[in-house]
Amino acid sequence: MSFGAPPVIPTELQQYNSYVEDPKWQRKFSIIWAAGVGIAVLAAVPQVARALMRGRLLRGWLFGVSENSKGRNYAPASGADVVPSSSKRRVSGLLDTLSSFTLWSLPGVELDLGQMIVIAAYLVLLIVCITMNAPLMDNPNRAGFLALAQFPIVFLFGTKNSILSLLLGPGHGYEKLNYIHRWAGRGMFIGSAVHGAIWINNHLVYDLPIIGQQKETSGVAAFGVLCVLVLTSFRPVRRLFYEWFFVVHVLGYVAFFVTICYHTIYAVPWIFPPLAFYGFDMLLRLFRYRIKDATLVPVDNNMTLIHVHDCDDGWVAGQHVRLRVFFGGRVFESHPLTIVNAPAATSCIPGNSLTLAARVHGDWTRALNQYASKEQERTVEKGEQPGVPVQVMLDGPYGGASVDLGDYESVLLVAGGSGVTFTLGMLDDIVARCVKLGRRNGEKTRRIEFAWCIRSFGCIQWFAPMLMDIANTVAGTSLDLHISVFVTCLCNPEAVPPIPNSDVTITRPSVTALLRDLVTPPAQTRTHNVAVSSSKAKADSDAKSFESESHDDEHADGDAEAEAEKPSASARLNWVGLGGGVAVCAAGPESLTREAQNAVARVSLTRGVELGGVGLHTELFAI
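Procedures and definitions
- Residues numbered from 1 in each chain as written.
- Predicted model: local features only at pLDDT ≥ 70, side-chain atom pairs only at ≥ 80, totals over all residues.
- Heavy atoms only, no water.
- Helix = DSSP H or I, 4+ residues; strand = E, 2+ residues; numbered from the N terminus.
- Buried < 20%, exposed > 50% of the residue type's maximum accessible area, 1.4 Å probe, protein only.
- Contact = heavy atoms within 4.5 Å.
- Areas by Shrake-Rupley, 256 points an atom, 1.4 Å probe, with all protein chains shown as cover.
- Arc of directions from axis to C-beta.
- Pairing = 2+ DSSP bridges.
- Axes fitted to C-alpha atoms, helices over the stretch in contact; angles between N-to-C directions.
- Phe/Tyr/Trp six-rings, centres within 6.5 Å; stacked < 30°, edge-to-face > 60°.
- Lys NZ or Arg CZ within 6 Å of the ring centre and 35° of its normal.
- Core = buried A, V, L, I, M, F, W, Y, C linked by side-chain atoms within 4.5 Å.

Engineer: Looking at this structure, I do not really get the overall build of the chain. What am I missing?
Structural biologist: Of the regular secondary structure elements, the chain holds 21 helices and twelve strands. For the chain, buried positions account for 53% of its 623 residues. Of the contacts made within the chain by residues no fewer than 6 positions apart, 78% connect residues no fewer than 24 positions apart. When the accessible area of the chain is evaluated, it comes to approximately 28700 Å², of which 62% is carbon and sulfur surface.

Engineer: I'm lost on helix α3 (residues 90–99) in this one. Help?
Structural biologist: In an α-helix, one full turn covers 3.6 residues, which means residues spaced three or four apart are oriented alike. All of the buried residues along α3 are Gly-93, Asp-96 and Thr-97. Looking straight down α3, one finds its buried side chains confined to an arc of 100°; they lie on one side. Facing away from the buried side of α3 by over 90 degrees, the exposed positions are Val-91, Leu-95 and Leu-98. Where α3 is buried, its residues meet α21 (590–611) and β12 (614–620).

Engineer: For this particular structure, what's the right way to read the sheet that holds β12?
Structural biologist: Pairing is parallel across the open sheet formed by six strands, whose spatial order is β10-β9-β8-β7-β11-β12. Where the open sheet ends on each side, the last strands, each with one partner, are β10 (502–506) and β12. If you compare each strand with its neighbour and ignore which way they point, the axes differ by 10° on average. Of the strand pairs in this sheet, strand β7 (residues 410–416) and strand β11 (residues 582–588) are connected by six bridges, and their pairing is parallel. Within β11, the position partnered with Val-411 by the bridge is Ala-583. Helix α16 (residues 511–519) contacts β7, β8 (447–454), β9 (480–487) and β11 of the sheet and is inclined by roughly 160° relative to β7.

Engineer: Would you mind going over the packing of aromatic side chains with me for this structure?
Structural biologist: Here the distance between the centres and the angle between the planes together describe a pair of aromatic rings. As enumerated under the stated definition, the model contains 18 aromatic pairs in all. Centroid distance Phe-151 to Phe-256: 5.7 Å. Interplanar angle 45°. Geometry classified as tilted. Taken as a pair, Phe-151 in helix α6 (residues 151–156) and Phe-256 in helix α11 (residues 242–263) lie far apart in primary sequence, 105 residues in all. Assigned by exposure class, Phe-151 and Phe-256 land together as buried. Judged by centre distance (5.3 Å) and plane angle (40°), the ring pair of Phe-327 and Tyr-371 falls under tilted. One end of the pair, Phe-327, is in the loop between β3 (319–325) and β4 (335–338); the other, Tyr-371, is in helix α13 (residues 363–381), and 44 residues separate them in sequence. By relative accessible area, Tyr-371 is classed as partly exposed at 26%. Aromatic ring contacts, followed pair by pair, group Phe-151, Phe-155, Tyr-253, Phe-256, Phe-257 and Tyr-278 into a single cluster. The cationic tip of Lys-28 hangs over the ring face of Trp-25; the distance from NZ or CZ to the ring centre is 4.0 Å. In this structure, Lys-160 is placed above the aromatic ring of Tyr-174, and the distance from its NZ or CZ to the ring centre is 5.1 Å.

Engineer: Just checking my understanding: could you explain the nonpolar core for this structure?
Structural biologist: One recurring pattern in soluble globular proteins: nonpolar side chains tend to sit buried together. Counting residues in each nonpolar core, the largest one holds 50 residues, and the members touching the most others are Phe-29, Phe-151, Ile-153, Phe-157, Leu-164, Phe-256 and Ile-260. Core analysis: the next-biggest nonpolar cluster, separate from the first, contains 47 residues, Val-340, Leu-413, Val-420 and Leu-427 among them.

Written out as structure tokens, the structure reads:
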């Protein structure tokens, strides 16, 4: 006897089953963000391929800093000077120009316009997936499911050794991707807050106990842990209490994992991808840890140089390592320091060591400087060689520049304070590749302006020997180098070393003015200087786009007469024409990097195609 098909409940009368429908939205959310990452990886393929062919992509990625077993250590310049032919970067220049608008940055905002667009798209996707076709007020589980779906993003963009950094190419280390990690964590907080707030509201409306069974108790505990993680990750807390932030972060995500798994069985599948990302990070670190002999050299009370011996390979210029120095019971403190020199095979500086510089800024750097100073006094009294022997542990390298200076005819390197450790390494590398190695990878660089802003004349002594070695290597070659040092305090003026082809000026530099002068022909620059001093003359028509620019950045002194009397970069360097591209690297405090971003965006939007594109890489020396 047949009773026929069971009755079908009309769709509008069916009860919403969040445990069936909400996981579908988790998958949709994951597919969309993964597709976005895939598009970014595909767009980076040309850059990755170039870096791979030039041997710069995988250097040190697996085994870290090492001794070169093939013996390709330092060798003096060969003397075979290769003069590059002029070239035009039409396609690359157009691409650089089209993307330059994303560089705009506002004061006090951690993100530039491009990063803001990425975060806005991410938050819109999250909110749409939480709210679309979901009866949130009756059943807020969708928000909780979407909070879980962000676990992989938080760890993919938060680990220091991420496979994504390799796929995106040089210049996309953890420090550049970390902003997505932070905002994904805040997105997880948004989902959890919506889920928890509506859940608590429903309990209050229907007079149900908020804290009762294990599921509810563990949910409240997980949300409390997440609140602590989010609140302690804001920039003021990170900068003022970094050690506490780090400890809370590590212990917090372990506690969150445990409590969220007690709260819901649906969290378990989303725990495995983060564990895989974190496990890969830890495994790669084990391969790259190195314990080395080193020498501490306290240059003065504000700077300590660390020369790590028997290190001549395994990094590229512009990268940094995380350093532990075994002294005074502080063996567990690890700090990021930029490598000052290029590897021996592509360096102008004699020796087979890796040099780091620790400027006195916090407790650890101050203790290191005091220890090195006291120990050096003791060794000097005994008649021993200067320098304090120690053992260090290296973890890295990490980071690197997103632009290859060899692809551009003109280069502007700008640094503020200890940010010079980045630009000096880049300068060492490109000079050696052009002069010492004879441009074997087709380097096009013909002129370099190196600008360094410091507080006192005495700071020049920190890296004066290295600058002298590089300047002497360049002398008499097809590569043109000028070094500009800007001092903001009349302190110890007699401490100016004789660095070839360098100027020392008592003023605050304007990145916009430096870039403008570098790309303006000498005749037009002289006309501009006369116009500034007289306030009446007109600039040449070819320089109009630069004369009309605003120079209201916070570093400018506003002293027009002094600016007019100072020779421009184009007057100090040989003019090579336009179209070969300009590379700009800026490192230092946030005000400097932000000014560099805005200067490049302004110049690119007005004359980017004519210049052959303006490439930019910034290194922010802040937490």
